[in-house]
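# Topology and contacts: notes
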Amino acid sequence: MSRIAYFGPQGTFTEQAARSLAGDEELFPVETISAALTSVRKGEADAACVPVENSVEGPVTATLDGLAEEAPLVAVAEALLPVHFTVLAREDVETVRTVASHPHALAQVRLWLERNLPEARPVVASSTAAAAVAVQRGEYDAAVTAPVAVEHYPLRVLATGVADVPDARTRFLLLRPPGRLPEPTGADRTSIVAAAANRTGALAELLSELATRGINLTRLDARPIKGNFGMYRFFIDFEGHVAEPRIGGALAALRRRCNNVRFLGSHPRADGVAATIEPGAANDDFVNADAWVDAVRKGELA
Ligand SMILES: O=C(O)C(=O)Cc1ccccc1
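Looking up the protein in an unreviewed UniProt entry gives the name Prephenate dehydratase, with the organism given as Prauserella flavalba. If you open the UniProt record of the protein and go to Pathway (unreviewed entry), you find "Amino-acid biosynthesis; L-phenylalanine biosynthesis; phenylpyruvate from prephenate: step 1/1." Here the protein is described in UniProt, under the heading Catalytic activity (unreviewed entry), as follows: "prephenate + H(+) = 3-phenylpyruvate + CO2 + H2O".

What follows is the structure, given as structure tokens:
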């Protein structure tokens, strides 16, 4: 049976996302995002489920860095979860002096904590569920967790539905070693990472290859290249699937300009939003235009 490693321990948002993406695969938790990616690279798991971005806090940097370095992995599916939190504690609210969670969770409940647990000191844990484990062990007083955590960790529920920003969402990826890609659906996302050269206009040139083909970006993040102060990698997500002529053409152009470009996958969007098609930038427009050039080359035009 195939196995999916997810960023755990049991009861994380990522477990929830992995369950929504899994078929009959067995799921198993690992302690860090990097361990989830490593378990696929080593063949201990067939796929990994990890968070990649959040509508309040932005990118999950451990995932981005982990995808840019070491053996390539490719995203084959994504899940989008609404994120609201449950606050769990060993004892009553009056006794809470420390509240632990994943940094993204703490950032999303900062106002709630100021208003409801003003005496409590926020403490960073590796995940929301790791914070619940630490509370059980008596290391901290309260944890900001995913709603499902309560099923795994028998703690007192201090609050549910906690979120400073009501419509917060986190996007998760299912990553596999390179192989057969998911079929295009018309509502797909393609991801790449590339290190633009350190010269005037280098990033603008990369982006212009997408813009001139009418390709709509959905995300752009810069991450430092470790050991190279001042140098950055750019993570670019855009609408469309590499199987489409316009996307294939854009990737070929990016590759021409930048030989370190890494393909990170083409897969259906969880929100089902169809690609924006600018006038003259539909796939048929690209196919017809290529056919016209072929005809010109063959002298077949009147
Ligand atoms: O710690 C978790 O539960 C995770 O899956 C990472 C995370 C943290 C905060 C919001 C969404 C995902």
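### Topic: the UniProt feature "domain: Prephenate dehydratase" (unreviewed entry) in the protein
In the UniProt entry, the feature "domain: Prephenate dehydratase" (unreviewed entry) is given for residues 3–177. Between the first and last C-alpha atoms of residues 3–177 the distance is 13 Å; the span itself is 30% helix and 35% strand.

### What to know about the packing of aromatic side chains
If you walk through the whole model with that rule in mind, you get one aromatic pair. Ring centres 5.4 Å apart and planes at 85° place the aromatic pair Phe 13 and Phe 85 in the edge-to-face group. Of this pair, Phe 13 sits in helix 1 (residues 13–21) while Phe 85 sits in strand 6 (residues 85–89); the two residues are 72 residues apart in sequence, bridging distant segments of the chain. For the pair shown, Phe 13 and Phe 85 are each scored as buried. One Lys or Arg, Arg 3, reaches over the ring of Phe 28 and ends 4.0 Å from the middle of that ring.

### As for the pairing of strand 3 (residues 47–54)
For strand 3, the buried fraction is high: eight of the eight residues fall into the buried class. Sheet analysis places strand 1 (residues 3–7) next to strand 3, joined by three bridges and oriented parallel. Across the sheet, Tyr 6 pairs through a bridge with Cys 49, a residue of strand 3. Here strand 3 pairs with strand 4 (residues 58–59) via two bridges, running antiparallel. Bridge pairing in strand 4 places Asn 54 opposite Gly 58.

### Examining the site of the ligand
Taken together, Phe 7, Thr 12, Phe 13, Thr 14, His 102, His 104, Ala 105, Ser 127, Thr 128 and Thr 170 are the residues near the ligand. Between Phe 13 and the ligand, the recorded distance is 2.9 Å, taken from a backbone N or O atom to an oxygen atom. At 2.5 Å, a side-chain N or O of Thr 14 approaches an oxygen atom of the ligand. Isolated, the ligand exposes 320 Å² of accessible area, and the fraction of that covered by the protein chains is 99%. Among the secondary structure elements, those contributing two or more residues to the shell around the ligand are helix 1 and helix 4 (103–108). Tallied by class, the residues present in the shell around the ligand amount to three nonpolar, seven polar and no charged.

### Some remarks on helix 8 (residues 202–211)
Of all the residues in helix 8, the buried ones are Ala 202, Leu 206, Glu 209 and Leu 210. The buried residues of helix 8 occupy an angular sector of 105° when projected down its axis, which confines them to one face. On the buried face of helix 8, the contacting elements are strand 12 (188–194), strand 13 (217–224), strand 14 (232–239) and helix 9 (245–257).

Calculation criteria
- Residues numbered from 1 in each chain as written.
- Predicted model: local features only at pLDDT ≥ 70, side-chain atom pairs only at ≥ 80, totals over all residues.
- Heavy atoms only, no water.
- UniProt positions renumbered as here; feature names shortened; annotations may be inferred.
- Helix = DSSP H or I, 4+ residues; strand = E, 2+ residues; numbered from the N terminus.
- Phe/Tyr/Trp six-rings, centres within 6.5 Å; stacked < 30°, edge-to-face > 60°.
- Buried < 20%, exposed > 50% of the residue type's maximum accessible area, 1.4 Å probe, protein only.
- Lys NZ or Arg CZ within 6 Å of the ring centre and 35° of its normal.
- Pairing = 2+ DSSP bridges.
- Near = heavy atom within 4 Å.
- Polar contact = N/O pair within 3.5 Å; in protein donor to acceptor, adjacent residues only side chain to side chain.
- Areas by Shrake-Rupley, 256 points an atom, 1.4 Å probe, with all protein chains shown as cover.
- Nonpolar A, V, L, I, M, F, W, Y, C, P; charged D, E, K, R; others polar.
- Arc of directions from axis to C-beta.
- Contact = heavy atoms within 4.5 Å.

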